[in-house]
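Single-letter residue listing:
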Amino acid sequence: MIREIVKNDLDGLLKLYMQLHNNPMPEKTAELLQIWDTIFQDKNHHVIVAEEDGKIVSSCVCVIIPNLTHNQQPYAIIENVITDETFRKRGLATQCLDYAKEIAIKENCYKMMLLTGSKKKSTLDFYRKAGYNSDDKTAFIQWI
């Protein structure tokens, strides 16, 4: 099942995120819970998940950014695309990205942007197959 996250999905999402850049399981501090509450209540912040047998096995984040250019149409940023290692190659991440695209269309976005740190051909081909291209823009990142 592909859906937007619900409030009590935090543990499942954090467990999945442990596979994203080898993140350790964070402690549920007051600060973490406040961040989760802020994300959950932000109407422009969409955490999309694939669930199988009650377990969150794939996810992506779609954030809608209000914009003053392009006829004041917003744009979407896609981040944190991840599928549990044991559930890969089943189309779940593609379904999450498709759900994000539906949100972006509903919100009248004129574009969606996605960055990846991966240089693996298979990952880049996956994003291309999902409709993204690396020809139109050049991405720069400044780590803080």
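The structure we're discussing is the one just above.
Residues numbered from 1 in each chain as written. Predicted model: local features only at pLDDT ≥ 70, side-chain atom pairs only at ≥ 80, totals over all residues. Heavy atoms only, no water.

Caption draft 1: The arrangement of helix α3 (residues 92–106) in detail. Taking 1.5 Å of rise per residue, the 15 residues of α3 would be expected to cover 21 Å, and the 21 Å separating its terminal C-alpha atoms lies within 8% of that figure. Next to the buried residues of α3 lie β1 (2–4), β2 (45–52), β3 (55–65), β4 (75–83), β5 (112–114) and α4 (121–129). Once α3 finishes, N108 follows within two positions and takes phi at roughly 65°, a positive value. (Helix = DSSP H or I, 4+ residues; strand = E, 2+ residues; numbered from the N terminus. Expected span 1.5 Å × (residues − 1). Contact = heavy atoms within 4.5 Å.)

Caption draft 2: The state of the cysteines, seen in detail. Taken as a whole and assessed by the stated rule, the structure comprises zero disulfides. The closest cysteine sulfur to the non-disulfide-bonded C62 is located on C109, 6.6 Å from its own sulfur. (Disulfide = S-S within 2.5 Å.)

Caption draft 3: Examining the environment of H70 more closely. In this structure, H70 sits in the loop between β3 and β4. With 48 residues separating them in the primary sequence, H70 and N22 have C-alpha atoms 38 Å apart.

Caption draft 4: Expanded view of helix α1 (residues 10–17). Along α1, the residues classified as buried are L10, L13, L14, L16 and Y17. For α1, the buried positions fall inside an angular range of 160° around the axis, keeping them on one side. Contact partners of the buried residues in α1: α2 (30–41), β2, β3 and β4. (Buried < 20%, exposed > 50% of the residue type's maximum accessible area, 1.4 Å probe, protein only. Arc of directions from axis to C-beta.)

Caption draft 5: Summary view of the nonpolar core. Core analysis: the largest hydrophobic core is formed by 21 residues, its most contacted members being I48, C60, C62, I78, V81, L97 and L114. Sorting the residues of this core by element identifies β2, β3, β4 and α3 as the ones contributing at least two each. Here this core takes seven residues from α3, the largest share from any one element. Each residue touching I48, except ones within four places of it in the same chain, is listed here: I2, R3, E4, S58, S59, C60, C62, C96, Y99, A100 and I103. One finds L16, L20, L32 and V49 within the second-largest nonpolar core, a separate group that totals 15 residues. (Core = buried A, V, L, I, M, F, W, Y, C linked by side-chain atoms within 4.5 Å.)

Caption draft 6: Region of the structure containing the packing of aromatic side chains. Scanning all chains against the criterion turns up three aromatic pairs. Ring geometry for W36 against F40: centres 5.9 Å apart, planes inclined by 40°, an arrangement best described as tilted. Placement of both W36 and F40 in helix α2 is noted, with a separation of four residues, approximately one turn of the helix. By relative accessible area, which is 34% here, F40 ends up partly exposed. (Phe/Tyr/Trp six-rings, centres within 6.5 Å; stacked < 30°, edge-to-face > 60°.)

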